[in-house]
Amino acid sequence: MIKALINVNIFNFDSLKEKSYVLFNEKIIEVGLMKDFKGADEVYDCNNQILMPGLVNCHSHIYSTFARGWITEFNPKTFRDLLEQMWWKLDRVLEEKDIYYSGLVSGIEFLKNGVTTVVDHHASGEMIKGSLDLLKKALCDCLGIRGIFCFETSERFTIDECIEENMLFSKKDSTMAKGLFGMHACLTLSDESLKEIASKSEGVPIHIHVGESDEDNRESIEKYGKTPVERLEEYGLLRENSILSHCIYLSEKDIEILKKYKVYVAVNPTSNFNNAVGLADVLELEKNNIKCILGNDGLGFNLARDMVNLLFGMHLKYKSPTAYSLENLKRVIENNYEYASKILNCKLGKIEVGYEADFINLEYNPPTPINEDNLFGHFFYGMLDNFKPKNVWCNGKLKLENYKILEDEEKIYREARSVAQEIWNKCKEK
Ligand SMILES: [Zn+2]
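Reading guide: rules and limits
- Residues numbered from 1 in each chain as written.
- Predicted model: local features only at pLDDT ≥ 70, side-chain atom pairs only at ≥ 80, totals over all residues.
- Heavy atoms only, no water.
- Helix = DSSP H or I, 4+ residues; strand = E, 2+ residues; numbered from the N terminus.
- Rg over C-alpha atoms; globule rule 2.2 N^0.38 Å.
- Buried < 20%, exposed > 50% of the residue type's maximum accessible area, 1.4 Å probe, protein only.
- Contact = heavy atoms within 4.5 Å.
- Areas by Shrake-Rupley, 256 points an atom, 1.4 Å probe, with all protein chains shown as cover.
- Axes fitted to C-alpha atoms, helices over the stretch in contact; angles between N-to-C directions.
- Parallel < 35°, antiparallel > 145°, perpendicular 65-115°, else oblique.
- Left-handed = near helix turned anticlockwise from the far one by under 90°.
- Nonpolar A, V, L, I, M, F, W, Y, C, P; charged D, E, K, R; others polar.
- Donors = N, O, S within 2.8 Å, 3.2 Å for Na, K, Ca; no water.
- Tetrahedral: all angles 85-135°; square planar, octahedral: opposite > 155°, others 65-115°.
- Domains from an automatic or database assignment.
- Buried area = accessible area lost by both parts, 1.4 Å probe.
- Salt bridge = Lys/Arg side-chain N within 4 Å of Asp/Glu carboxyl O.
- Polar contact = N/O pair within 3.5 Å; in protein donor to acceptor, adjacent residues only side chain to side chain.

Notes on the overall build of the protein
Logical step 1: Counting secondary structure elements, the protein contains 14 helices and 17 strands.
Logical step 2: Taken over C-alpha atoms, the radius of gyration comes to 21 Å for the protein, in line with the 22 Å a tight globule of 430 residues would show.
Logical step 3: The buried share of the protein, reckoned over its 430 residues, is 59%.
Logical step 4: Here the contacts in the protein between residues at least 6 apart in sequence split such that 74% fall between residues at least 24 apart.
Logical step 5: When the accessible surface of the protein is split by element, carbon and sulfur atoms take 49% of a total near 17,700 Å².

A short note on the packing of helix α4 (residues 159-170) against helix α5 (residues 191-200)
Logical step 1: In contact at an axis separation of 11 Å, α4 and α5 are set at 25° when each is read in the N-to-C sense. In terms of orientation, α4 and α5 fall into the roughly parallel class. The hand of the α4/α5 crossing is right-handed. Taking contact as the criterion, the partners of Ile 159, Asp 160, Ile 163 and Met 167 in α4 are, on α5, Ser 193, Glu 196, Ile 197 and Lys 200.
Logical step 2: For the contact of α4 with α5, the residue count by class is 4 nonpolar, 1 polar and 3 charged.

Thoughts on the coordination of the zinc ion
Logical step 1: Distances from the zinc ion to its protein donors, His 59 (NE2), His 61 (NE2), His 209 (NE2) and Asp 297 (OD), fall at 2.0 to 2.1 Å.
Logical step 2: If you look at the zinc ion, its 4 donor atoms make angles of 96 to 153° with each other, and the shape they trace is irregular.
Logical step 3: The sequence motif formed by the donor residues of the zinc ion is H-x1-H-x147-H-x87-D. Of this pair, His 209 sits in strand β10 (residues 206-210) while Asp 297 sits in the loop between β13 (291-294) and α11 (303-318), placing them 88 residues apart in sequence.
Logical step 4: Residue classification places His 209 among the buried positions, given a relative accessible area of 7%.

Some points on the domain arrangement of the protein
Logical step 1: Its domain assignment divides the protein into domain 1 (3-53 + 351-405) and domain 2 (55-344).
Logical step 2: For domain 1 and domain 2, the distance between their C-alpha centroids amounts to 30 Å.
Logical step 3: Of the residues lining the interface, 24 residues belong to domain 1; the matching set on domain 2 comes to 24 residues.
Logical step 4: For the pair domain 1 and domain 2, the summed buried surface comes to about 2,100 Å²; carbon and sulfur atoms form 73% of the total.
Logical step 5: The largest per-residue losses of area from domain 1 upon contact with domain 2 belong to Phe 376, Phe 380 and Ile 405, which jointly make up 27% of the total buried on that side.
Logical step 6: Applying the counting criterion to the domain 1 and domain 2 interface returns 2 salt bridges.
Logical step 7: Across the pair Arg 146 and Glu 356 runs a salt bridge whose closest N-O atoms are separated by 3.3 Å.
Logical step 8: In this structure, the connection of domain 1 to domain 2 is made through 3 residue pairs in polar contact (both at pLDDT 80 or more).
Logical step 9: Those elements that place two or more of their residues in the side of domain 1 that touches domain 2 are β4 (42-53), α13 (375-381), β15 (391-394) and β16 (397-401).

Shown next, in the form of structure tokens:
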């Protein structure tokens, strides 16, 4: 079955093709001008809307879904307090139903925000084995979005179980779902654990938090005489395509080390602002050929907000409205597609022949002239200002139509609210 979107204005971040059509099944088969359109089995008229690639969120925590509105004792003085008083209290009680519903709710919210691929960093104390498969079931099988999953190995849980879950899932090989080797952070992993991970993880790229707070480095130097980056290098864990999330606190030596490896740094500006920890020096990393990608660290689902906050945050960091440009931001967005494409072994990020049919259409009526020179400015200051896709397609399937999810959203949310209440009760009891 060949489908067609007609009367679209194709936006590929650096080009705009007006009055076009796209033919596709799971992949894009043909792109052309409307005057050359010859028909298809199913035709969707987009009435001159923007058609652009679905977004990729490169660092998320789906388990944080049920933290919204949770009232718990919270008065952190340090970053560790923040983990202990909030996130560790929550993730340790999560079990089967909680994981599944967090996946369903997240998937729905991601689709509504135009995110069609998510890289998740998962933890659930009451169900380790099988938890990644459950996330896949909710996000990929049920809602049809692509996922790259891993379990946060740490000494808070049984190390062997974490390793086993990561390794089992890493054997999956599909363009819809894939695994990385998850590690929480160096502060929850002793040398012995790092050694065990290194020997049992069979070269799978890692996904870990690094330098999110100054404490991560201070504790590491006090305890081991090395920074987290130095420890990861020592155990041979800075593998190609690994994700080091945050990297706000890096020493000059850390940067020298990271330069040598083909790892990616995931920046999460909105979460960093919320936790008041600072912002990675994306310019410095870029200068050193260390590629940055963008995530949201599980704070909501709106990746557009992180795109905006990255640029504004860098302006503030450098106290200059020009130090970090739209071109810099565009490179980070391109890196997100490059990363997901490599891991999932498919082509994401453009509306071109051979790319996966993951795209979104937006109603955008430019109030000023739009052309190739100012296109990304329209994207940043216009489209991202009110980024609500009307339709979302993933793997060639329509998943959001006219702003509505095609699953029974109300039923899922009703159940999710009761699951959330049970989780909060469990947290209180523990
Ligand atoms: Zn995180």
